[in-house]
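# A look at the structure
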Amino acid sequence: MAGSVCRRAERTDRVTTQTTALPRSRHPGSTRSPWMPSERIVFGILGFIVVLGAWEAISRLGLVKKVLLSSPSLILEAGANDIASGVIWPHLTATGVEFALGFGVALATGIPLGLAIGWFRRLRYVVDPWLAAVYATPTVALIPLVILVAGIGLTSKVIVVWLETVVVVAVSTAAGVRATEARYYDIARSFRASKRTTFLTVVLPASIPFILTGVRLGVGRALVGVIVSEFIASNVGIGFYISYNGTVFQSARVFFGIILLGLIGITLGELVRRIERRFDVWRPALA
Amino acid sequence: MTGRPRLKLLSRDRPRGQWHPAANAQLLYGLAGVLGVLAVWEVGSRTGLVSNLFFSRPTAIIVAGIEEVQLPRFWVDFRASATEFAVGYGIAVLLAVPVGLAVGWYRRLQYAVDPWLNFLNALPRVALLPILVVWFGLGLESKIVIVFLGAFFSIVIPTIQGVKTVDRRYLDVARSFGASRRRLFTSVVAPATVPFTTTGLRFGVARALIGVVVGELYAATVGLGVMITRAGATFQTDRMLFGVLIFTIAGVVAVEALRKVERYFERWRPAQQAA
């Protein structure tokens, strides 16, 4: 009897600790194999080589016109040229400034707005329909209007980035305020904390993980905003660089711009994710 | 559930009358918010405080909308946009679900495509528009591709996630009953992935709409985005905002519909309920 219970305990223990993802279980020895960590890398590199190789081959063999398709080697060459000649820097700086200003303003307005919406119930009722509407609108549709009002310079890009970002940030922040755990409020009340103290020492810190989620979502949207507004009307910026080279059939440069953008996207995303992870301990366990 | 309402109840005992104001408060305040902004906008525009040229006014937008829908050209634009959306999104769904399941199921395949998926997911896909226009021209095709790309990654990534996070116990149960790998996939893994896929479908709709708008604003000859651009270029702000309004309505309807679908399948979602 005791033996069987013990065996059962062992079994459940084994099952519960072995919570690895499904595919691994098909290769029982895999966790111990020294090949395991590198298999991911091997196949990752293989994936890169196959795609890039096929691309290069198709382009070299002339199956598709080189002007249209470009090829990895041509992109590398174009990229090296534009970096060496310094052509790319003004575009990068312009996009960076537009992004930073718009995003900064969005944080400076979105976070207080979100805190207020989360904190004041009636305010939330009032602005909720508008937030929902703007949230569901592809904000990029407003770009022609923004250009009409603010011209094709820096201002219009900053406004577009702001528009793209502010709602996500505000909505996440408000969700954070509302998700503050009830017992924190109760504890604060038990210690006769004023509303102000409760807000500053309980609600604000508790909202930070949610604010960061908003920031992460906002980064993606802000990038879209900056690029699209540069596509539509501008004379400098990565979006302009991509779009201009598209119109003059410089496909290699178009791809170089796209790769730069992808790298920027990955870097920013990773940055926010790092910060998020730091604050993850504060995140309440949501059911 | 949350802290706020509880605090309210503690701090202030509301009289329980026949008509409870709190029950309708949200609706009332919401209505007040909507009507208030519209009224300020309208009055501001009429008195000249808000530039009529740049921001139009609610009544003018309605009038412009009524005029627009009687034009045959409007319906041509509408049909073009709807086609781009439907075809692009449809292909994305048809491809993303099987691809997501396959990538989630075959570990080595996942290793091979992971770097590409990560890169393309971090990249604002609209950036590919110039090269797509070079490849596919100004017609519907380039827009369909950009819509497809927008939606595809939003669906494929949660689907992969879904396959990878199938509750371990379900797999054990299926194996205990001697299920073949095929059975394991079709009757355990695939259904367990559905809630994740539906979330992806919802995100995908928003991305697809952005694709339609940007594609048409950037380079097209027909579509609601073209209508917006045309109205903007001729300073017909009312028409322009009517065009934006259509996209807003489309967004709200599509997202709400998919949220319903999502909520229906939410019951299947594994880990969350167990935790």
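Residues numbered from 1 in each chain as written. Chains lettered and ligands numbered in written order. Predicted model: local features only at pLDDT ≥ 70, side-chain atom pairs only at ≥ 80, totals over all residues. Heavy atoms only, no water.

## Details of the overall build of chain B
The line we're drawing: Numbering goes from the N terminus for both helices and strands, where a helix is a DSSP run of H or I of at least four residues and a strand is a run of E of at least two. In this scheme, a residue with accessible area under 20% of its type's maximum is buried, one over 50% is exposed, and one in between is partly exposed, where area comes from a 1.4 Å probe on protein chains only. Only heavy atoms matter for contacts: two residues are in contact if any of them lie within 4.5 Å across the pair. Here, Shrake-Rupley sampling with a 1.4 Å probe gives the accessible areas, and only protein chains in the shown set may cover a residue.
In terms of helices and strands, chain B carries 13 helices and zero strands. Going from N to C terminus, chain B has its helices and strands arranged as α-α-α-α-α-α-α-α-α-α-α-α-α. Taking all 275 residues of chain B together, the buried fraction comes to 47%. Long-range pairs, those at least 24 residues apart, make up 73% of the contacts in chain B between residues at least 6 apart in sequence. For chain B, the accessible surface area stands at approximately 13700 Å², while carbon and sulfur atoms represent 69% of it.

## Details of the environment of Val 40 of chain B
Residues and elements named next belong to chain B. Residue position: Val 40 is located in helix H2 (residues 21–47). The exposure class assigned to Val 40 is exposed, which follows from its relative accessible area of 60%. Each C-alpha atom, one on Val 40 and one on Val 50, is 9.3 Å from the other, the two residues being 10 residues apart in sequence.

## Observations regarding the confidence of the model for chain B
Residue and element names in this part refer to chain B. Selection criterion: Scored from 0 to 100, pLDDT records how confident the predictor is in each individual residue.
On average, residues of chain B score 86 in pLDDT, and 89% of them reach the 70 mark or higher. Of all helices and strands in chain B, the one with the weakest mean pLDDT is helix H1 (residues 3–11) (43), whereas helix H5 (residues 72–105) scores best (95). Under a pLDDT of 50 for its full length, residues 271–275 has, in the predicted model, four contacts with residues more than four places off or in other chains. This complex was scored by the predictor with a pTM of 0.82 and an ipTM of 0.82.

## As for helix H8 (residues 143–150) of chain A
Across the eight residues of H8 of chain A, six count as buried, placing the element largely inside the fold. What H8 of chain A keeps buried is the set Ile 143, Pro 144, Leu 145, Val 146, Ile 147 and Leu 148 of chain A. The secondary structure elements touched by the buried residues of H8 of chain A are helix H9 (154–178) and helix H11 (195–232) of chain A together with helix H3 (52–55), helix H10 (181–218), helix H11 (224–233) and helix H12 (237–266) of chain B.

## Points about the interface of chain A and chain B
Rules: For any pair of parts, buried area is found by adding up, for both, the accessible area (1.4 Å probe) each one loses once the two are put together. Only one rule defines a salt bridge in this text: a Lys or Arg side-chain nitrogen within 4 Å of an Asp or Glu carboxyl oxygen. N or O atoms within 3.5 Å of each other form a polar contact, as long as, within protein, one can give a hydrogen and the other can take it, and as long as residues adjacent in sequence are counted only when both atoms are side-chain atoms. Under the convention adopted here, Pro, Cys and the residues Ala, Val, Leu, Ile, Met, Phe, Trp and Tyr are nonpolar, Asp, Glu, Lys and Arg are charged, and Gly plus all remaining residues are polar.
Across the boundary between the two partners, chain A contributes 70 residues, which contact 68 residues of chain B. For the pair chain A and chain B, the summed buried surface comes to about 6400 Å²; carbon and sulfur atoms form 72% of the total. The interface formed by chain A and chain B contains three salt bridges. Linking Arg 40 of chain A and Asp 114 of chain B is a salt bridge whose minimum nitrogen-to-oxygen distance equals 3.6 Å. Where chain A packs against chain B, one counts eight residue pairs in polar contact (both at pLDDT 80 or more). Looking at the side of chain A that touches chain B, the element that brings in the most residues is helix H13 (residues 251–279) of chain A, giving 10 residues. Looking at the side of chain A that touches chain B residue by residue, the classes come out as 45 nonpolar, 15 polar and 10 charged.

## Regarding unusual backbone geometry
Residues other than glycine seldom take positive phi values, yet Phe 249 of chain A does so here, at roughly 60°. On the secondary structure map, Phe 249 of chain A appears in the loop between helix H12 (238–247) and H13. Phi at Phe 235 of chain B is positive, roughly 55°, even though this residue is not glycine. Locating Phe 235 of chain B in the fold gives a position in the loop between H11 and H12.

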